[in-house]
Structure formats: structure tokens, C-alpha cells
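Chain residues, written in single-letter form:
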Amino acid sequence: MQLFLIRHPRPLHGAGLCYGQLDLAAEDPAPIARRLRPLLPADARLCASPLLRCRRLAEALHAQPQFDQRLMEINFGEWEGQAWDAVERRLLDLWAADPLRFTPPGGESAACLQARAVAAVAEMRAAESIVVSHAGVIRALLGHYLGLAIDEWSVLPIDFGSLSLLDIDPARQTGVLRYLNR
């Protein structure tokens, strides 16, 4: 299976903000769609996060996109909408000590994010599938299929509006990264 992973356009008001699942508007998706469309298989299924920043790009790329809540960004719970520098330092230190299992108050852990994203992809049976999602989801998927530890996958650079291609062997739950941030 070829999995084309696309990150949404840059949010309009997200700089310095913990936004996770907040439904923020983003830059115009049309230029990104024009750039990426020739790189994507024309008849592939496209599934996206339902958040506006992904939804608008998915609709610009595909006539009939599907939406799956499991492809939404990590839920930061009570932290969402706060400036990162306003989050209690003690909690950030706890997160840094256990980035896979730490759960922000009212939110979810990176392990939960990874499990739901992998479950969504596992249901995609097409030889070629396109996912329009968020950096956290893309990193979690790459981490799972490439067998990376969280300290490796959580820092992968995933650019706004970028395309990464992953070849997946569904039976073995392994993958080969063809390119990142095209």
C-alpha cells in the first residue's frame, strides 16, 4: 500500500499557541493543491481530518474526500487555546519525562494518538491512499510503520502543505519512507 501523507496549510492564528484539535482557519489551500495534485494518484481514496485546516485542503484535492475523526491532531485538553509559555512548567516537565504516555489534563497521550491514527490507516484497503492530516498524526504514523521510538518520530520535521510518501506492508505493519516533505 502506498500512503501519501499531506500536512494541512499553516494556521492563520497558531503561532505560539497550543492548538491541537482547535478548529482554526488556515492559509488558502489552492496553491498547495495545485502543487500537489500532479504528484498524487488520480483515482486514490482521500481521507482527512475533519478539522477545517485539513478539510479545505482535502476538498481542494479531491472531488469526494472522506473524513475520519481518528485523523485529528492530538487532543491537548485543557492546554488547547493557551500560549505554550502559559502551560504550567511542572506539567511540561512530566510530559518531557514520558512523551509517549503523558496525558495533558483532559487530553490524550501520544500513544493514544498513534493507536487511533494507525487504526484509521489499517482500515484503508486501497493500494494507494491519501491522508490529509496534522504533523502529530503524520509523525505518529511514520513512527509506527518505520519502527521509530517516540524520541525519533516526535521530532520529524513535517512542513505545512508538505507531501510524504510511505510504502506500507500491512501484513507486517512495516513501511519504507520514499520521501519526506516534498
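Attention in this report is confined to the structure presented alongside it. Source: prediction; values computed, not measured.

A word on the overall build of the protein. The number of helices and strands found in the protein is six helices and six strands. Overall, the protein shows an N-to-C arrangement of helices and strands of β-α-β-α-β-α-α-β-α-α-β-β. Its C-alpha atoms give the protein a radius of gyration of 16 Å, within 12% of the compact-globule value 16 Å for 182 residues. Taking the principal axes of its C-alpha atoms as reference, the protein extends roughly 50 × 40 × 25 Å. Residues classed as buried in the protein amount to 49% of the 182 residues present. Taking all contacts inside the protein whose residues are at least 6 apart in sequence as the whole, residues at least 24 apart take part in 66%. Accessible area of the protein: about 8600 Å², with a carbon and sulfur share of 52%. Between the centroid of the 19 positive side chains of the protein and the centroid of its 21 negative side chains there is a distance of 5 Å.

Here we have six strands laid out as an open sheet, ordered 3-2-4-1-5-6, and mixed in their pairing. Among the strands making up the open sheet, the edge pair consists of strand 3 (66–67) and strand 6 (174–179). Of the strand pairs in this sheet, strand 1 (residues 2–7) and strand 4 (residues 128–133) are connected by six bridges, and their pairing is parallel. Among the inter-strand pairings, Leu3 is bridged to a residue of strand 4, identified as Ser129. Along the sheet, helix 2 (residues 52–61) makes contact with strand 1, strand 2 (45–48), strand 3 and strand 4, crossing strand 4 at roughly 145°.

Our next topic: helix 2. When helix 2 is considered as a whole, its buried residues turn out to be Arg53, Cys54, Leu57, Ala58 and Leu61. An end-on view of helix 2 places all buried positions within 125° of arc, on one side of the element. Here the buried face of helix 2 lies against strand 1, helix 1 (30–36), strand 2, strand 3 and strand 4.

Once that is clear, we can look at the packing of aromatic side chains. Under the defined criterion, the tally for this structure stands at seven aromatic pairs. Summarising the aromatic geometry, the rings of Phe76 and Trp84 are spaced 5.4 Å apart at their centres and angled 85° between planes, so their arrangement reads as edge-to-face. Three or more aromatic residues joined by ring pairs form one cluster here, namely Phe76, Trp79, Trp84, Trp95 and Phe102. For the cation-ring pair, Arg55 lies above Phe67, with the distance from its terminal atom to the ring centre recorded as 3.9 Å. Here the guanidinium or amino end of Arg182 rests over the ring plane of Tyr179, the centre of that ring lying 4.1 Å away.

Tracing the backbone through its elements, the reader meets Glu80 in the loop between strand 3 and helix 3 (89–97). It turns out Glu80 is buried and unbridged, and the closest side chain with the opposite charge, Arg53, is 7.3 Å from it. Among the polar contacts listed, one links the side chain of Glu80 to the backbone nitrogen of Gln21, at a separation of 3.0 Å. One polar contact links the side chain of Glu80 to the main-chain amide nitrogen of Leu22, over a distance of 3.2 Å. Dropping the residues within four chain positions of it, Glu80 is found in contact with Cys18, Tyr19, Gly20, Gln21, Leu22, Ile74 and Asn75.

Next up on the list: helix 5 (residues 135–146). An α-helical turn contains 3.6 residues, so any two residues separated by three or four positions project in the same direction. Here helix 5 contains twelve residues, and its C-alpha end-to-end distance of 16 Å stays within 8% of the 16 Å for a straight helix at 1.5 Å per residue. In terms of burial, helix 5 is a largely internal element, ten of the twelve residues being buried. Among all positions in helix 5, only Ala135, Gly136, Val137, Ile138, Arg139, Ala140, Leu141, Leu142, Gly143 and Tyr145 are buried. Positive backbone phi, at 70°, marks Gly147, one or two positions downstream of helix 5.

The subject of this paragraph is the environment of Arg37. Mapped onto the secondary structure, Arg37 falls in the loop between helix 1 and strand 2. Accessibility expressed as a relative area gives 39% for Arg37, which makes it partly exposed. Each C-alpha atom, one on Arg37 and one on Trp95, is 38 Å from the other, the two residues being 58 residues apart in sequence. Apart from residues lying up to four places away in sequence, Arg37 is in contact with Ala60 and Leu61.

What counts and what doesn't
- Residues numbered from 1 in each chain as written.
- Predicted model: local features only at pLDDT ≥ 70, side-chain atom pairs only at ≥ 80, totals over all residues.
- Heavy atoms only, no water.
- Helix = DSSP H or I, 4+ residues; strand = E, 2+ residues; numbered from the N terminus.
- Rg over C-alpha atoms; globule rule 2.2 N^0.38 Å.
- Buried < 20%, exposed > 50% of the residue type's maximum accessible area, 1.4 Å probe, protein only.
- Contact = heavy atoms within 4.5 Å.
- Areas by Shrake-Rupley, 256 points an atom, 1.4 Å probe, with all protein chains shown as cover.
- Lys, Arg positive; Asp, Glu negative; His and termini not counted.
- Charge placed at Lys NZ, Arg CZ, Asp CG, Glu CD.
- Pairing = 2+ DSSP bridges.
- Axes fitted to C-alpha atoms, helices over the stretch in contact; angles between N-to-C directions.
- Arc of directions from axis to C-beta.
- Phe/Tyr/Trp six-rings, centres within 6.5 Å; stacked < 30°, edge-to-face > 60°.
- Lys NZ or Arg CZ within 6 Å of the ring centre and 35° of its normal.
- Salt bridge = Lys/Arg side-chain N within 4 Å of Asp/Glu carboxyl O.
- Polar contact = N/O pair within 3.5 Å; in protein donor to acceptor, adjacent residues only side chain to side chain.
- Expected span 1.5 Å × (residues − 1).

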